[in-house]
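# Structure at a glance
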Amino acid sequence: GIQVEQSPPDLILQEGANSTLRCNFSDSVNNLQWFHQNPWGQLINLFYIPSGTKQNGRLSATTVATERYSLLYISSSQTTDSGVYFCAVERLSEKLVFGKGTKLTVNP
Amino acid sequence: GAGVSQSPSNKVTEKGKDVELRCDPISGHTALYWYRQSLGQGLEFLIYFQGNSAPDKSGLPSDRFSAERTGGSVSTLTIQRTQQEDSAVYLCASSWYGQGAVEQYFGPGTRLTVT
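Not measured: the values here are computed from a predicted model.

Cut-offs used in this document
- Residues numbered from 1 in each chain as written.
- Chains lettered and ligands numbered in written order.
- Predicted model: local features only at pLDDT ≥ 70, side-chain atom pairs only at ≥ 80, totals over all residues.
- Heavy atoms only, no water.
- Helix = DSSP H or I, 4+ residues; strand = E, 2+ residues; numbered from the N terminus.
- Rg over C-alpha atoms; globule rule 2.2 N^0.38 Å.
- Buried < 20%, exposed > 50% of the residue type's maximum accessible area, 1.4 Å probe, protein only.
- Contact = heavy atoms within 4.5 Å.
- Areas by Shrake-Rupley, 256 points an atom, 1.4 Å probe, with all protein chains shown as cover.
- Disulfide = S-S within 2.5 Å.
- Salt bridge = Lys/Arg side-chain N within 4 Å of Asp/Glu carboxyl O.
- Polar contact = N/O pair within 3.5 Å; in protein donor to acceptor, adjacent residues only side chain to side chain.

Tallying secondary structure elements over chain A gives zero helices and 11 strands in all. The linear arrangement of helices and strands in chain A, starting from the amino end, is β-β-β-β-β-β-β-β-β-β-β. A compact globule built from 108 residues should have a C-alpha radius of gyration of about 13 Å, and chain A, at 13 Å, falls within 12% of that. On the principal axes, the C-alpha backbone points of chain A span a range of 40 × 25 × 20 Å. Across the 108 residues that make up chain A, the buried fraction comes to 48%. For chain A, contacts bridging at least 24 residues in sequence account for 55% of all contacts bridging at least 6. Total accessible area on chain A stands at roughly 5200 Å², and carbon and sulfur atoms take up 49% of it.

Have a look at this one:
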C-alpha cells in the first residue's frame, strides 16, 4: 500500500518562529489532508489539498502531486500551535493513510 | 449536529468484556469511517460505510471487531472479548460522497482502556 513519511518527527520552536513540515508519499493520490491533533486528541482539519497551494491565516500548505510531497508552513508560531501535525493521503480506496506525525512544541 | 460526535469519551473495561462505541456523523454526510489510534500502530483505518453499499471491512484487525450503521446515520463499533491490545483511541469520521476523494471530518474519539 501507499507509504506516508513525515519529517521532522519532532520540532521545538520559540514563539514567533516559522517552520516547515514535510510529507512525502509513495504513489499518486486523490486526497491529501493536513490535521492538527490538539492536546485533547481532537483531529482538526487544516487543509484539504491534493494539489496546489492554500493559505489560512498563519498557515499555508503546498502539494506538488507530480513530485509526491506536501509542505505545511507555520508562520509566527504561537504556543497554541503545539500538538501533533498529521498528513494523510487517500488513493482510490476512500481510506486515509496517515503518516506518523510531527510533534511540534512552541515555547513561550 | 455541527460536527461528528462520539460516545462515550472514555471507556474502561475488563479484559474479556464486550464494548460498544457510538458515532453520530455530520448531518447529511453519507460516508462514515472508523479509525484507531494506538501507540504502536499510529492511526489506522478500520471500516468504511457508504450509503447502502456493503461496508469495506478490510481494516478490522480480527473477527472480534464488528460495526453496523443503522438508517444510514449512526454507527456502532462493537469489540467482543476485549484484549489489552485493543486499548486505543477509536476515531470516527464522516464525509460527503462524490466523484473522487472528499474531505473527511473527525470526531473527538473514544479512549478505550482494557484492564
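Now for the state of the cysteines. Residues and elements named next belong to chain A. Applying the stated criterion across every chain, the model contains two disulfides over all chains. At a sulfur-sulfur separation of 2.0 Å, the disulfide partner of cysteine 23 is cysteine 87. Between cysteine 23 and cysteine 87 the disulfide shows an S-S torsion of about -60°. By sign, it is left-handed. One end of the pair, cysteine 23, is in strand E3 (residues 19–25); the other, cysteine 87, is in strand E9 (residues 83–90), with 64 residues separating them in the sequence. Just as cysteine 23 is buried, cysteine 87 falls in that class too.

Bringing the pattern of salt bridges into the picture now. All names here are of chain B. For the structure shown, the criterion picks out six salt bridges over all chains. In this structure, the salt-bridge partner of arginine 22 is aspartate 24, at a minimum N-O distance of 2.9 Å. Arginine 22 sits in the partly exposed class, given a relative accessible area of 38%.

At the interface, 16 residues of chain A touch 18 residues of chain B. There are one salt bridge connecting chain A and chain B. Aspartate 56 of chain B is the salt-bridge partner of lysine 95 of chain A, the closest N and O atoms lying 3.4 Å from each other. Along the contact surface separating chain A from chain B lie 10 residue pairs in polar contact (both at pLDDT 80 or more). Those elements that place two or more of their residues in the side of chain A that touches chain B are strand E4 (31–37), strand E5 (43–48) and E9 of chain A.

From the geometry alone we can't say anything about function, so treat these as descriptive.
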